[in-house]
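Given next are the chains, with one letter for each unit.
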Amino acid sequence: MKITSICCIGAGYVGGPTMAIIAQKCPHIKVTVVDLNEERIAAWNDDDVNNIPIYEPGLSDLVAEARGKNLFFSTEVEKAIDEAQMIFISVNTPTKTYGLGKGMAADLKYIELCARQIAAVAKENKIVVEKSTLPVRTAEAVKNILDNTGNGVQFQILSNPEFLAEGTAVQDLLNPDRVLIGGDATNGQEAIDALVEVYANWVPREKILTTNLWSSELSKLTANAFLAQRVSSINAMSELCEKTGADINELSKAIGMDSRIGPKFLKASVGFGGSCFQKDILNLVYIAKTYGLNKVADYWEQVVIMNDHQKRRFSNNIVQTLYNTVSGKKIAFLGWAFKKDTNDTRESAAINVSDFLLNEQAKIAVYDPRVKEKQIINDLIYLKSRSLDDIKKGVIVYDNPYEVCRGAHAIAILTEWDEFKEYDWQKIYDNMQKPAFVFDGRNILDAKKMTTIGFVFNAIGGANE
Ligand code: NAI
């Protein structure tokens, strides 16, 4: 079967970039990305491509190229389902905030809604592709819904988890390490082949891996668990470095040169954030528990516990270093996004650190090159720790890095944006309260340079002799 029309439900950080690449690389396929969120779709369709809702290097050019040709963004979900041969489900799967599995299990209500909507609309056979990250064996539930509420049409379910990283999404999609397609080789080989052919338009075939459904679903959770585990492992060592005079950057380099370990994901930091790592590990922990595998669950849960500890430790260190009180002091945050080159702030360490410092009555001043004030305030509202009034009294958002630091008692680096390294740090120092403290939560600044200027400089895992 040759695919000529694709629909993607969910125009978010995954659906948007993924479909833009498919459209660009497959001019013979009409790609329609749909979402219930009208504001988001309007932003994807904005005449000025710089206003698309997701910031990713290279993405706006890609959208400008394909939009209106074979790439469309729409709120007409049913129409798009009806017209497509292949439907990607790319909706959010957050941690449950209620009921059974609260705080751990993935909330699959959006997935189920999609399945029911596809079942209700479809008049012809469809291939349904799970693009969202899902608990292992979700395809079984999706198939059940489709088969029992549908109009007697045939559905094939595939699992095709996405491994892109925000901040490098376009490059990751253009040159993926691998594309993973899980399916039922006995009854669904045709569907598997059809999706392989889509990717084969730009991905070398040896990088397109096909597996059974359950291996594919579980691989995505496993990949995120392993990646996050590296961050928590190096962060655990950063605390030991601070006590012993070892330097975490030297340690990372030394172990990363071992080809069995490798150099990536060994940067100590204030802790990982983002919408995926914590939610996916907690989901893995929950799945293990439901099978009675408590030791497996405890093992992986420790990765999240370590991450929470690191965020708390960073915040405590600020308070202790500032003579045990930050009450009324201006603490300038450089960065709010959970990592550089994205405007995504979900689970960003900055949110937790500011929450802690607000409890200590600090005045938080924030500058992030890509995150708007509205988002920052919304992130703090979402915590439900304090009223909007109190948030507005405690937090001021700036659009200039020099102004955010003016008169500050301390600067905390929360995101590793490249531009932070290029600032005129002497100028920043001159305009701060003295002693002028810097807490580098991303280890991006040169400690020697900073101390020569006169800063009291604190880096995560810094040698402390
Ligand atoms: P997102 O929250 O940015 O986008 C999801 C979109 O789906 C939202 O715009 C929402 O309005 C829409 N939606 C929800 N239910 C809908 C429905 N019934 N009909 C139409 N639209 C609906 O989420 P994101 O970050 O794109 O993640 C999507 C999935 O991909 C999640 O399962 C996530 O775990 C996974 N993933 C995310 C990655 C990332 O870096 N963000 C990377 C790899 C996988």
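Residues numbered from 1 in each chain as written. Predicted model: local features only at pLDDT ≥ 70, side-chain atom pairs only at ≥ 80, totals over all residues.

1. What to know about the overall build of the chain
A count of helical and extended segments in the chain gives 18 helices and 14 strands. Whereas a compact globule of 465 residues would reach a radius of gyration of roughly 23 Å, the chain reaches 24 Å, a difference of no more than 12%. Each principal axis of the C-alpha atoms in the chain carries an extent, and together these give about 70 × 50 × 45 Å. Among the 465 residues that make up the chain, the fraction classed as buried is 47%. When contacts within the chain are restricted to residue pairs at least 6 apart in sequence, those whose partners lie at least 24 apart make up 75%. (Helix = DSSP H or I, 4+ residues; strand = E, 2+ residues; numbered from the N terminus. Rg over C-alpha atoms; globule rule 2.2 N^0.38 Å. Buried ≥ 20, exposed ≤ 12 C-beta atoms within 10 Å, placed from the backbone. Contact = placed C-beta atoms within 7 Å.)

2. Looking at helix α12 (residues 294-321)
Helical periodicity: at 3.6 residues per turn, an α-helix aligns residues three or four positions apart in one direction. The end-to-end C-alpha distance of α12 is 39 Å, a good match for the 40 Å that 28 residues give at a rise of 1.5 Å each. Along α12, the helix axis deviates most sharply at E301, where the bend reaches about 25°. Listed as buried for α12 are A297, W300, V303, V304, N307, Q310, K311, F314, S315 and I318. Downstream of α12 by one or two residues, Y323 has phi in the positive range, about 60°. (Expected span 1.5 Å × (residues − 1). Bend = angle between axes of the 7 residues up to and from the residue.)

3. Some thoughts on the domain arrangement of the chain
Annotation of the chain at the domain level lists domain 1 (5-211) and domain 2 (234-459). Each residue belonging to the side of domain 1 that touches domain 2 can be placed in one class, and the counts come to ten nonpolar, four polar and two charged. (Domains from an automatic or database assignment. Nonpolar A, V, L, I, M, F, W, Y, C, P; charged D, E, K, R; others polar.)

4. Side note on the site of the ligand
Close to the ligand lie 27 residues; G10, G12, V14, S132 and T133 are nearest. A per-element tally of the shell around the ligand places helix α5 (residues 109-121) first, with three residues. The residue makeup of the shell around the ligand, split by class, is 13 nonpolar, ten polar and four charged. (Near = placed C-beta within 6 Å.)

5. Structural notes on the nonpolar core
Residues I87, V128, I331, F333, A412 and L414 are the most contacted members of the largest nonpolar core, which totals 139 residues. When near neighbours in sequence (up to four residues on either side) are disregarded, I87 contacts C7, I9, I81, I118, K126, V128 and V129. (Core = buried A, V, L, I, M, F, W, Y, C linked by C-beta atoms within 7 Å.)

6. Here we look at the packing of helix α13 (residues 349-359) against helix α14 (residues 373-383)
Helix-helix packing: each pair is described by the crossing angle between the helix axes and the interaxial distance. It is the contact of α13 with α14, at a shortest axis distance of 10 Å, that shows an interaxial angle of 65°. One element, α13, and the other, α14, form an angle in the roughly perpendicular class. For the pair α13 and α14, the sense of crossing is right-handed. Contacts between α13 and α14 involve I351, S354 and D355 from the first element and D379, L380 and L383 from the second. (Axes fitted to C-alpha atoms, helices over the stretch in contact; angles between N-to-C directions. Parallel < 35°, antiparallel > 145°, perpendicular 65-115°, else oblique. Left-handed = near helix turned anticlockwise from the far one by under 90°.)

7. Observations concerning the sheet that holds strand β12 (residues 410-413)
With parallel pairing, the six strands of this open sheet are ordered in space as β11-β10-β9-β12-β13-β14. Edge positions in the open sheet fall to β11 (395-397) and β14 (456-459), since each of these has one partner strand only. This sheet shows a mean twist of 20° between the axes of neighbouring strands, independent of strand direction. Running at roughly 170° to strand β13 (residues 437-440), α12 makes contact with β9 (330-334), β12, β13 and β14 of the sheet. (Pairing = 2+ DSSP bridges.)

8. Topic: unusual backbone geometry
For the bond running from K434 to P435, omega is -5°, close enough to zero to count as cis. Within the secondary structure, P435 is located in the loop between α17 (425-430) and β13. The backbone phi angle of Q361 is positive, close to 65°, even though this residue is not glycine. On the secondary structure map, Q361 appears in the loop between α13 and β10 (363-367). Note on Q361: 12 C-beta atoms within 10 Å, which makes it exposed.

9. Looking at the pairing of strand β6 (residues 155-159)
Among the five residues in β6, five count as buried, and that is most of the element. Across the two faces of β6 the burial is the same, with F155, I157 and S159 and Q156 and L158 all buried.

10. Quick notes on the pairing of β14
Pairing analysis gives four bridges linking β13 to β14, with the strands arranged parallel. Across the sheet, residue D440 finds its bridge partner in β14, namely A459.

11. With respect to helix α11 (residues 277-290)
Given a rise of 1.5 Å per residue, 14 residues ought to cover 20 Å, and the 20 Å separating the end C-alpha atoms of α11 matches this to within 8%. A large share of α11 lies buried, amounting to eleven of its 14 residues. Buried within α11 we find F277, Q278, K279, D280, I281, L282, N283, L284, V285, Y286 and I287. Against the buried residues of α11 lie α9 (213-244) and α12.

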